[in-house]
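What the coordinates show
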Amino acid sequence: VSDLNLTTNRIRIGGIVGRLTGGTIKNCYVSGNISATSTKDGNGIGGILGDAEAEPVTTIENCLTKIKFENASGPRLNGAIIGLAMNGKAVLKNNVSLSSGEKVYGVHGYTIDASSTNNYELEDSGLTTNASGDRVKTVAKADVNKEFFKDKVKFDETIWDLDEASYDNAPALK
């Protein structure tokens, strides 16, 4: 999804899916703007997925967001990849948030599954950080390039066009 422009006062909203009960979202890209005007604390707003229901486990893998977020309430339950993951039943692997804004977490708005690994959020994005060990790491704009996506994030070059990848030129799906 490119050039998303979403303004909403609703909850459980995502750039790809609003609410999902189990399943996998893989190899996707969302860019644009999300403006959440609801003042309810904990909206479940996500760049990819708004709300993962408790069972079965939901997986988000090899996805990328570059979204400018504006949020009327606090960051609780709002994230640049996923907003709400009921009972922590969401596994995130090899995702990148190049998103920016405020009152949203850099990757996830609620606790994610302990097996989640190798997710990246942009340094100095203005978003609330999730950086913690191998689950969520940070990346500087200057380090976003083909090697970053190929070697660190493990994006598959048969699926993603990484040749000109940079912060200003995000990889595209082939």
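Refer to the structure above for everything that follows.
We now turn to the structure provided with this report. (Residues numbered from 1 in each chain as written. Predicted model: local features only at pLDDT ≥ 70, side-chain atom pairs only at ≥ 80, totals over all residues. Heavy atoms only, no water.)

Another aspect to go through is the packing of aromatic side chains. Summed over all chains, the structure comprises four aromatic pairs. Taking the centre distance of 4.5 Å and the plane angle of 25 degrees together, the rings of Phe-155 and Trp-160 count as stacked. Put simply, the rings of Tyr-120, Phe-148, Phe-149, Phe-155 and Trp-160 pair up and form one aromatic cluster. The residue whose ring lies beneath Lys-66 is Tyr-167, and the NZ or CZ to ring-centre distance is 3.9 Å. (Phe/Tyr/Trp six-rings, centres within 6.5 Å; stacked < 30°, edge-to-face > 60°. Lys NZ or Arg CZ within 6 Å of the ring centre and 35° of its normal.)

Going through the model one piece at a time under the given rule, you end up with six salt bridges. Of the charged contacts in the structure, one is a salt bridge between Arg-12 and Asp-51, with a shortest N-O distance of 3.6 Å. Of the two residues, Arg-12 is situated in the loop between strand E1 (4-8) and strand E2 (13-14) and Asp-51 in strand E7 (residues 49-52); the sequence distance between them amounts to 39 residues. Assigned by exposure class, Arg-12 and Asp-51 land together as buried. (Salt bridge = Lys/Arg side-chain N within 4 Å of Asp/Glu carboxyl O. Helix = DSSP H or I, 4+ residues; strand = E, 2+ residues; numbered from the N terminus. Buried < 20%, exposed > 50% of the residue type's maximum accessible area, 1.4 Å probe, protein only.)

One recurring pattern in soluble globular proteins: nonpolar side chains tend to sit buried together. Counting 26 residues, the largest nonpolar core has Ile-25, Ile-48, Leu-49, Ile-60, Phe-69, Ile-82 and Leu-92 as its most contacted members. Ranked by residue count, the leading element in this core is strand E5 (residues 29-36), at three residues. With residues near it in sequence (within four places) discarded, Ile-60 still touches Ile-25, Ile-48, Leu-49, Ile-81, Ile-82, Val-91, Leu-92, Lys-93 and Asn-95. Grouped together as the second largest cluster of nonpolar side chains are 17 residues, Leu-98, Val-139, Phe-148 and Ala-170 included. (Core = buried A, V, L, I, M, F, W, Y, C linked by side-chain atoms within 4.5 Å. Contact = heavy atoms within 4.5 Å.)

Within the fold, Gly-101 resides in strand E13 (residues 100-101). Linking Gly-101 and Phe-148, residues 47 residues apart in sequence, is a C-alpha distance of 23 Å. Filtering out sequence-adjacent residues up to four positions away, Gly-101 remains in contact with Lys-68, Phe-69, Ser-125, Gly-126 and Leu-127.

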